[in-house]
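# Inside the fold
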Amino acid sequence: TGIAGPSGSDGSVGGPGSAGRRGPMGKGCDGVTPTDGTSPKTIDACGQCGGNEGECAWTSDIRTAHAVGDPHYATFDGISYDYQHTGEFLLARHMNDVELQSGQSPCPNWRVRCNTKAAVITKNWNIQFHSTHLWGQVLVNGAWWYQGRDYQYNVIKELDVNTKFLVRSNSHWTIYFNDFPQSNGAEVYGSFNYWPGGPLPNNYYMNLYFTAPGRWSSGLSMTGMFANFNNNRNDDWQSISPSSMWHVQGTSISAFANTDYRLHWTNRKEAAWKAPMRLKADKVETLHQLAAEKASDHATAFTFADEQSDIKIIDPLTAAMRKRLFAKMRSEGVIERTVGEAKPSSLLAKAELDIMPYVGMRPSHMRVEQQLMFRDEWKVLTPAQRKAMLAGEVTEASTDAVGVKEMCHECIEGASTCTKDGMTYTDQLHMDKCHQACMPWLPGDLPSVCKCRIDCAAGQDMDLCRKVGRRAYLSVRTLQVIQPEGDIAKTCVNPNAPGVREFAAQDHEPAMWTKMRGENFMVSFFWRASMADGAMGTYDKETKSVLKNLVWRGTRGVVQPKTLLSIDADVSSGLPKIQATVAGQTIIAGRTFDTADATVFVAVVKENMELKIYLAESDDEFAQLVATKALDPLEDGSDPYAAQLPATAALASGSIFAVKPDATAAEMPQGRIMKLNWCQGMHWDDAPPGLDALTNLTRPMMMFTPYVRFLYDKGPVAGC
């Protein structure tokens, strides 16, 4: 109970009383009541107690959804649409953590609608902004807060351990929410905008935004008009539909009508098609029965359609067992297996030994690959194994699955040696086409090749199969030198700070450097140049004639006979032009950037004896190939870059540098460098150019071009 406020003068309302003392904190999902002021642990969308949802996220990229103007909507996964209705709507909600609601009313153009009120709701707070009061008054938990008394412009106010509040003097407001303080959190923000001559209160409407961290991209935790956030725009309409589901006006979950409304698991809405199934004790027997029935149904013939149908059942039921699967994999040496170490052959390791053969791979990446492989292996699990998986159990009996070698077993339909295990082709021609489509220069039991062949054998489009296989092959060989998410000082790197410029192999997954010599490579990054005046600016008149070094590969203190790899910017004209030097040979981009202060994407690729530069600015639809160059071979006809690489064992002593270690002050690029990726691999396809006679697919296969464009689509680090 709060304390009564002071009495007002005769004829006026008295002042508000103080807030009552908070009740005692409850226990978390681990049974512990925190005593350090932190919130109790909760079960995340992946089914983990105390998890941050990153283990089942589909992307690490921060995404922003919005409802702006009159109003134009954009979902987290990039679908754009207009929604011209009067009423109150649930725009976005993450689990029981934070929610954004809006109120739309007619604009001066009567055919469209505008946001005239917004509410941000958490477990403890209901915070509302209204055009009727603008940014000088905020309705908080049913009481009006006033600027100057309850909050100050441009000063962040901490509401609780997870929530902060900021109103700026320029009409912008932000609610910061973080359910996991050691990771990136969410920002819900808005701005008041002037539109006179109509029915808008005070002639103002709001633009509304919701920025969510990549770890919330499981597709299980986000709901509302901004869709489900799973890095897949193709299912956004399903997660929004029917849109009337997200109408809250006149209901108990309208934050505007019910100022006591707070978030709780009992008032969370989910689209029926996406509502995840959860294992409960009284349901386990039903699931056992379901698994037995499906095993019986598919005992004689297991089709691709059967597999797709069963995946819909498996996905929500396997989320809760991921942590235990990883624990078993680590105990059996799968994740931390080093090069040359004997392959494990027991239990789960028998099935998982080739998923990720690199030391120290990120657990979130490992989890995605593990789940993909279990989807593929579902059809070769025994009925008992399927039964145990559907029930969410992890036991020795349920994890001794058929291994990758058996999964990649191939045979022709009707042959006496053909079994239901592995993949079956309709005839020899079908097999030959799938082999030719799926990176034929790589071993057939490589997971990416095997997955491609499985899809092809199941009747999927061959071009799609090889695209998926190609991305799988490259993604597990990509080293994220500058991480895309986390501490802004580590994701938005200042190249003028020597302490953060070197990324040594021994500290960044050394097996990805030593596993193969890597005669082909791709390096990509985003760069935002500095336009500051004075000696530190990239375009300072006294130093702009000097090349600005952006990326360099080598070993500190070791002199290279010829530059192994250097990427530089020529800014002498006032607009940057990128050039790259590989094995002492230089390629110059065929275009400059459109503006001097743009955030730009740069990728340099070496495929066999050809160098390529890709460039893009923020308004480009895709990363464009702007320069190509054939490398001059050595006298014996060999690859000059591969010849200059040190011995395999010595590769781990090298580094990738964001600016070379001996760069002078004039060579510093200034600005910020983000999302530096390094990917290397074996010799690519040597097939003659043109259409392959067997598959009618274009050869040689373009490995890096679509992958580069995929990396550009992810965009730079927000706020950098």
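A short tour of the structure in this document, coming up. (Residues numbered from 1 in each chain as written. Predicted model: local features only at pLDDT ≥ 70, side-chain atom pairs only at ≥ 80, totals over all residues. Heavy atoms only, no water.)

This part takes up the pattern of salt bridges. Scanning the model with the defined rule gives 18 salt bridges in all. The shortest N-O distance in the salt bridge between Lys675 and Asp61 comes to 3.0 Å. With a gap of 614 residues between them, Lys675 in strand β30 (residues 672-681) and Asp61 in the segment before β1 (63-68) connect regions that are remote in the sequence. On the basis of relative accessibility, which here comes to 3%, the residue Asp61 falls in the buried class. Between Arg591 and Glu617 there is a salt bridge, with the nearest N and O atoms lying 3.2 Å from each other. Highlighted residues: Arg591 in the loop between β25 (585-588) and β26 (599-607) and Glu617 in strand β27 (residues 610-617), separated in sequence by 26 residues. Residue classification places Glu617 among the buried positions, given a relative accessible area of 3%. (Salt bridge = Lys/Arg side-chain N within 4 Å of Asp/Glu carboxyl O. Helix = DSSP H or I, 4+ residues; strand = E, 2+ residues; numbered from the N terminus. Buried < 20%, exposed > 50% of the residue type's maximum accessible area, 1.4 Å probe, protein only.)

Taken as a whole and judged by the stated rule, the model has 25 aromatic pairs. For the ring pair Tyr189 and Tyr209, a centre distance of 4.9 Å and an interplane angle of 10° mean the geometry is stacked. In this pair, Tyr189 is assigned in strand β13 (residues 186-194) and Tyr209 in strand β14 (residues 204-212), connecting sequence segments 20 residues apart. Seen in terms of ring centroids, Tyr707 and Phe710 are 6.1 Å apart; in terms of plane orientation they differ by 20°. Their pairing is stacked. Of the two residues, Tyr707 and Phe710 both sit in helix α16 (residues 704-713), 3 residues apart, roughly one turn of that helix. The class for Phe710 is partly exposed, based on a relative accessible area of 21%. (Phe/Tyr/Trp six-rings, centres within 6.5 Å; stacked < 30°, edge-to-face > 60°.)

Here the focus is unusual backbone geometry. Omega for the bond connecting Arg699 with Pro700 falls within 30 degrees of zero, at -5°, which places this linkage in the cis form. By the secondary structure assignment, Pro700 is in the loop between β32 (698-699) and α16. Unlike most non-glycine residues, Leu134 shows phi in positive territory, near 55°. Residue Gln670 is not a glycine yet carries a positive backbone phi of 60°.

The relative placement of two packed helices is expressed as an angle between their axes plus a distance between the axes. Orientation of helix α11 (residues 462-475) relative to α16, taken along the N-to-C sense of each, is 70°, at an axis distance of 10 Å. Considering the angle they form, α11 stands roughly perpendicular to α16. With respect to the hand of their crossing, α11 and α16 are arranged in right-handed fashion. Of the residues in α16, those touching α11 at Arg470, Arg471, Leu474 and Ser475 are Phe704, Pro706, Tyr707 and Phe710. Class assignment for the residues of the contact of α11 with α16 results in 5 nonpolar, 1 polar and 2 charged. (Axes fitted to C-alpha atoms, helices over the stretch in contact; angles between N-to-C directions. Parallel < 35°, antiparallel > 145°, perpendicular 65-115°, else oblique. Left-handed = near helix turned anticlockwise from the far one by under 90°. Contact = heavy atoms within 4.5 Å. Nonpolar A, V, L, I, M, F, W, Y, C, P; charged D, E, K, R; others polar.)

Before going further, it helps to spend a moment on the nonpolar core. Phe129, Trp173, Phe210 and Phe226 are the most contacted members of the largest nonpolar core, which totals 55 residues. For this core, the leading source of residues is β14, giving 5 residues. In this structure, Tyr425, Val605, Met701 and Val717 belong to the second largest nonpolar core, which totals 42 residues. (Core = buried A, V, L, I, M, F, W, Y, C linked by side-chain atoms within 4.5 Å.)

What follows concerns the state of the cysteines. One pass over the full model with this rule turns up 3 disulfides. There is a disulfide in this structure between Cys107 and Cys114, and the S-S distance comes to 2.0 Å. Of note, the bridge from Cys107 to Cys114 carries an S-S torsion of about 120° and is right-handed in sense. The exposure class assigned to Cys107 is buried, which follows from its relative accessible area of 1%. Note on Cys114: relative accessible area 0%, which makes it buried. Disulfide partner of Cys438: Cys452, at an S-S distance of 2.0 Å. One quick way to see it: the torsion about the S-S bond of Cys438 and Cys452 is about -75°, and its sign makes the bridge left-handed. Note that Cys438 is positioned in the loop between α9 (428-437) and α10 (447-457) and Cys452 in helix α10, a separation of 14 residues in sequence. Taken individually, Cys438 and Cys452 each receive the classification buried, so the pair is uniform in this respect. (Disulfide = S-S within 2.5 Å.)

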